[in-house]
Amino acid sequence: MAERGQLPPPAKRLCCRPGYGSGCRPGQRAGGAGPGSGALCAGPSSAAAAAALGLLPLGKTQSPESLLDIAARKVAEKWPFQRVEERFERIPEPVQRRIVYWSFPRSEREICMYSSFNTGAEDPAAAPGGAAAAPGGAADAAADENRLPFRRGIALLDGGCVDNVLQVGFHLSGTVTEPAMQSEPETVCSVAISFDRCKITSVTCSCGNKDIFYCAHVVALSLYRIRKPDQVKLHLPISETLFQMNRDQLQKFVQYLITVHHTEVLPTAQKLADEILSQNSEINQVHGAPDPTAGASIDDENCWHLDEEQVQEQVKLFLSQGGYHGSGKQLNLLFAKVREMLKMRDSNGARMLTLITEQFMADPRLSLWRQQGTAMTDKYRQLWDELDSSNRPHRTVFTRAIEACDLHWQDSHLQHIISSDLYTNYCYHDDTENSLFDSHGWPLWHEHVPTACARVDALRSHGYPREALRLAIAIVNTLRRQQQKQLEMFRAQKKELLHRGVTSITNLEGWVGHPLDPIGTLFSSLMEACRVDDESFHGFSDFTENMGQCKSLEYQHLPAHKFLEEGESYLTLAVEVALIGLGQQRIMPDGLYAQEKVCRNEEQLISKLQEIELDDTLVKIFRKQAVFLLEAGPYSGLGEVIHRESVPMHTFAKYLFTSLLPHDAELAYKTALRAMRLLVLESAAPSGDMSRPHHIASVVPNRYPRWFTLSHIESQQCELASTMLTAAKGDVRRLETVLESIQKNIHSSSHIFKLAQDAFKIATLMDSLPDITLLKVSLELGLQVMRMTLSTLNWRRREMVRWLVTCATEVGVYALDSIMQNWFTLFTPTEATSIVATTVMSNSTIVRLHLDCHQQEKLAGSARTLALQCAMKDPQNCALSALTLCEKDHIAFETAYQIVLDAATTGMSYSQLFTIARYMEHRGYPMRAYKLATLAMTHLNLSYNQDTHPAINDVLWACALSHSLGKNELAAIIPLVVKSVKCATVLSDILRRCTLTTPGMVGLHGRRNSGKLMSLDKAPLRQLLDATIGAYINTTHSRLTHISPRHYSEFIEFLSKARETFLMAHDGHIQFTQFIDNLKQIYKGKKKLMMLVRERFG
């Protein structure tokens, strides 16, 4: 609760004392002591009082309780103190003291309930949607426990931090010292608590804490009073003490009070004095005066203090926060607190729920969203499930709210069910669908299942666990009977349904994932009965020892009440109803939140089932339900015929599979294989393959619905398949069946790839020999992935190809040979040559497979054939790899080279040809390299300003190669260079290199060259020189068109390089002088630049 620093408001009722006893003088009440008298809280029997508080076992009390204490305790629980005063004209002071003493709360459970979210005793699934009531898991809950106000309050109490405790009437006060922390000094908090009829009605604390719950200081003071009542000095209400004073004493009291607190109360004291002295003032028209310590009036509501303003603020804060389910967790905690209060019969539970609802309805965004037709955020859906416009005629939360208003409990059959364990009718023989009793004469309850279970939840929440259990048993027996009837009905119509190959959903509202959580409610009610004995069924276990501790609960087959078969128990009933609910065929709801809730609730329920250790009795239940679900047709999610959009059973089937496998493998596999289907992804409804009835789709038009959780569903399908693969290791027949199911039902390449990897890991475990069958399964799945992703973009494709080669290597040489012979259905040409064939031909593969020469040659032949086929199909990307792979076979190499020559004129770029040409030179084929280089030159075009083009190095290399081969080769390539290269600096570089050394000593046809340097005045260098000078002239004019002053110095250097080239010609000096004069004339407007030109070149 939000504690305030100011004093509590004045009491509502006015206190006065009309008369005295005949034997009393002024200043003394009947039976009273003198003024200022006080007494410790403990009465004449401290041990008895302690026993009544639960601090001592009753067997250890020293004497029985007095009649006074027994009567005072009952009066203190039920009667407001004003009624006591009005009922009895004279109340002896000892009686008053015992009533005041017993009026303070005696249980620590309520203190904890109002000072922390999770008490640890509430079922964590009780929160809406089955969300856990604790902020996190068991470890998180344990870690957070010490930070709860209740735990901190206990620590303060145990640390001796509570002091100055005083009880005046129905008011408790004290100070709590908060020890100094690393960054904060020691603080002393003043705490005040008012109480009435064993409930705290108001709290204040100077710590200024604002929250829904009590602060640790209020907790510490409350627990001090509960645990150490004999150390608290008790006084009667202050009005009683004042009544015992005479006039002088009263004046002295008032003056001392004003003196001690004059800065705070003096203005108020003067104002009150003025009003009292004024005869016509309002204060003089009222009989008596208020007393904040005098307890409650008859009209006061008796309830624990709940700061309604803080509840509203907190709800508003939770709703306004961004985020997803994490922020909604706080709302779930509030709902869990509501349930806890209702279970304690605390009226604040209903009030708190009303405040939450009002705050939600007051949010302006709600009406705005409705006007705009905008879907609400998931957090709001968490409060109001499925509040959206939908084409399906399903029930919204408003529908349920309206129906709830019409619910009543007056039905005589219902009243008999919940009120008696002996309600039977063995003479009842009505076997119709809605009969009131089954064939055993046990009661049934026919109602919309979520509504019926909501009744069970309401009974549990309001503290009626026995009644809830009786109704739960009747509902489960009804569901089991309905299940049997549905099975019989389907068997009668099975032939017709299978012939038509259609189905319909019998229940649009699934029970798992439903806002009212019917299956979770039945399961929790029955499981609670497994661990709660009769004596504590209405009560609670020792609270302070167990609060918040996450203990592992052991569930037992406790003897059942009535209405169960021989050998059945609450535990078997709980497990069976969970299996019935999880296996129900139900349509996938609309919207992200609703769909996620279906998945989440299913996983939560299965998680609870996994906590139960299966014994022979429970295994029978699993067998029975698995057979039911497989044979129940459209009523079961595992039936032969299901609706295309029904919720998949993968998660549930995985749990069934692992549970049944050690006991009935055939049934386990049959169940899991049936669940593998995912019809919503089927592209078309099959025509009617009666040999595989589980592949029959529905008549719903083939559309792709908005399944927001599809990726999660597909991952669960993959997990189910992986579980079966793991279990089937070593069983050839099972593995083949599972493989067929995977290939038939899984449509995601990434999930099939994961399964292939899983199978490979399982098959090649280090501690055992490889499982060749499982390896083949892995390979088959990998091949399917290759085919699925061959024509689609997939960022993991390269990883997949490499993995497949690894897998095929483990399978054996025949697998490698097979994937190479069928490469065109599995790989792109680039993948086949650069990854597949290259890896197969590597030394590591040969060593790994221990291949002999014959096997190596056979594998190499397949690789060469693959390489040539790929080169023909994609020469641009595969030619080089093909040449590399065919190096050791002359015919294959010549074939690959011819493929390159054929593609060079049309399909290959200069960069690809240059790369292959360099490879040829490196392998000792210079003339072939020269040939490819000349072909590459025909594709190249370097403009005047591309002096940093990446192909420049290739051009220089090609010219150097030609020069090394001889004059004729150089003469043949220079015209190609002149035609393709317009960049002056590149041409001048080539020219200079050609003039430094003589051409190669060996030319074409083995003719020897003269060994002299080539002349610049003769071909082919004259052609190159002229082209270079022309390129400099053209480049100069191009640069001058848009030159800026900051590039002038760079331009002068460029002209200097040009002059070097000009001077290589015999008349170059004259040409360069004419060139400069021409520049000065054309560009005379660029005065500064021309001045720099004259300074350098004259």
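Just above sits the structure.
Description of the structure in this document. None of these values were measured; they are calculated from a predicted model.

**Some words on the overall build of the protein chain**
When helices and strands are tallied, the protein chain shows 47 helices and eight strands. Here the protein chain holds 1098 residues, and 51% of them are scored as buried. About 52600 Å² of surface is accessible on the protein chain, with carbon and sulfur atoms providing 54% of the total.

**As for a nonpolar patch on the surface**
Together, Phe253, Val254 and Leu257 make up a nonpolar patch on the protein surface, roughly 230 Å² of accessible area in all. Structurally, the position occupied by phenylalanine 253 is in helix α10 (residues 247-260). Assessed through its relative accessible area of 32%, phenylalanine 253 is described here as partly exposed.

**Topic: the pairing of strand β5 (residues 187-196)**
Burial of β5 is extensive: seven of the ten residues sit out of reach of the surface. Pairing of strand β4 (residues 171-178) with β5, which is carried by eight bridges, proceeds in the antiparallel orientation. Directly across from glycine 174, in β5, lies its bridge partner valine 191. The antiparallel pairing of β5 with strand β6 (residues 199-205) creates a hairpin that spans two residues between the two strands, and arginine 197 there sits at a positive phi of about 50°.

**Some remarks on unusual backbone geometry**
Its identity is not glycine, yet asparagine 164 carries a phi of approximately 55°, on the positive side. Its place among the elements puts asparagine 164 in strand β3 (residues 162-168). You can call asparagine 164 exposed: its relative accessible area is 51%. For arginine 345, which is not glycine, the phi dihedral falls at a positive 60°. Topologically, arginine 345 is positioned in the loop between α13 (325-343) and α14 (348-362).

**Describing the state of the cysteines**
Each disulfide consists of one covalent bond between the sulfur atoms belonging to two cysteines. Going through the model one piece at a time under the given rule, you end up with zero disulfides. A disulfide-free cysteine, cysteine 878 has its sulfur positioned 5.1 Å from the sulfur of cysteine 870, the nearest such atom.

**Some words on the pattern of salt bridges**
According to the stated counting rule, one finds 42 salt bridges in the structure shown. Across the pair glutamate 77 and arginine 106 runs a salt bridge, and its minimum N-O distance is 2.6 Å. Here arginine 106 lies in the loop between α4 (93-102) and α5 (108-113) and glutamate 77 lies in helix α2 (residues 67-78), a separation of 29 residues in the sequence. You can call arginine 106 buried: its relative accessible area is 16%. Here glutamate 719 ties to lysine 754 by a salt bridge, and the two come within 3.8 Å at their closest N and O atoms. Pair noted here: glutamate 719 is in helix α28 (residues 710-727) and lysine 754 is in helix α30 (residues 749-763), with a separation of 35 residues, a long-range link. Looking at glutamate 719, the relative accessible area reads 28%, which means it is partly exposed. Among the residues examined, lysine 754 registers a relative accessible area of 30% and is labelled partly exposed. Several salt bridges share partner residues, and in doing so they unite Arg480, Glu568, Glu576 and Lys624 into one network.

**Section: the nonpolar core**
The biggest cluster of nonpolar side chains holds 202 residues, and the ones touching the most others in it are Leu725, Phe827 and Leu932. Formed by 63 residues, the second largest nonpolar core is a distinct cluster that contains Trp102, Leu157, Phe213 and Leu342.

**As for the packing of aromatic side chains**
One pass over the structure, following the stated rule, counts 18 aromatic pairs. A ring pair is formed by tyrosine 114 and tyrosine 214, whose centres lie 5.8 Å apart and whose planes are at 20°; its orientation type is stacked. Of this pair, tyrosine 114 sits in the loop between α5 and α6 (138-145) while tyrosine 214 is found in the loop between β6 and α8 (216-227), placing the two residues 100 residues apart along the sequence. By relative accessible area, tyrosine 214 is classed as buried at 0%. On the numbers, 5.2 Å between centres and 25° between planes, the contact of phenylalanine 893 with tyrosine 925 is stacked. Remark: tyrosine 925 occurs in the loop between α39 (910-922) and α40 (926-937) and phenylalanine 893 occurs in helix α38 (residues 890-904); sequence separation between them is 32 residues. Taking the relative accessible area as the measure of exposure, tyrosine 925 reaches 31% and is therefore partly exposed.

**Side note on the packing of α30 against helix α31 (residues 772-789)**
When two helices pack together, their arrangement is captured by the angle between the axes and the distance separating the axes. With their axes 8 Å apart at the nearest point, α30 and α31 run at an angle of 160° to one another. Considering the angle they form, α30 stands roughly antiparallel to α31. The two elements α30 and α31 cross, and the hand of that crossing is left-handed. Together, Ser749, Ile752, Phe753, Leu755, Ala756, Ala759, Phe760, Ile762 and Ala763 of α30 and Leu774, Leu775, Ser778, Leu781, Gly782, Gln784, Val785, Met788 and Thr789 of α31 make up the contact between the two elements.

Cut-offs applied
- Residues numbered from 1 in each chain as written.
- Predicted model: local features only at pLDDT ≥ 70, side-chain atom pairs only at ≥ 80, totals over all residues.
- Heavy atoms only, no water.
- Helix = DSSP H or I, 4+ residues; strand = E, 2+ residues; numbered from the N terminus.
- Buried < 20%, exposed > 50% of the residue type's maximum accessible area, 1.4 Å probe, protein only.
- Areas by Shrake-Rupley, 256 points an atom, 1.4 Å probe, with all protein chains shown as cover.
- Patch = residues over 30% accessible without salt bridge, like charges linked within 9 Å, V, L, I, M, F, W, Y side chains within 5 Å.
- Salt bridge = Lys/Arg side-chain N within 4 Å of Asp/Glu carboxyl O.
- Pairing = 2+ DSSP bridges.
- Disulfide = S-S within 2.5 Å.
- Core = buried A, V, L, I, M, F, W, Y, C linked by side-chain atoms within 4.5 Å.
- Phe/Tyr/Trp six-rings, centres within 6.5 Å; stacked < 30°, edge-to-face > 60°.
- Axes fitted to C-alpha atoms, helices over the stretch in contact; angles between N-to-C directions.
- Parallel < 35°, antiparallel > 145°, perpendicular 65-115°, else oblique.
- Left-handed = near helix turned anticlockwise from the far one by under 90°.
- Contact = heavy atoms within 4.5 Å.

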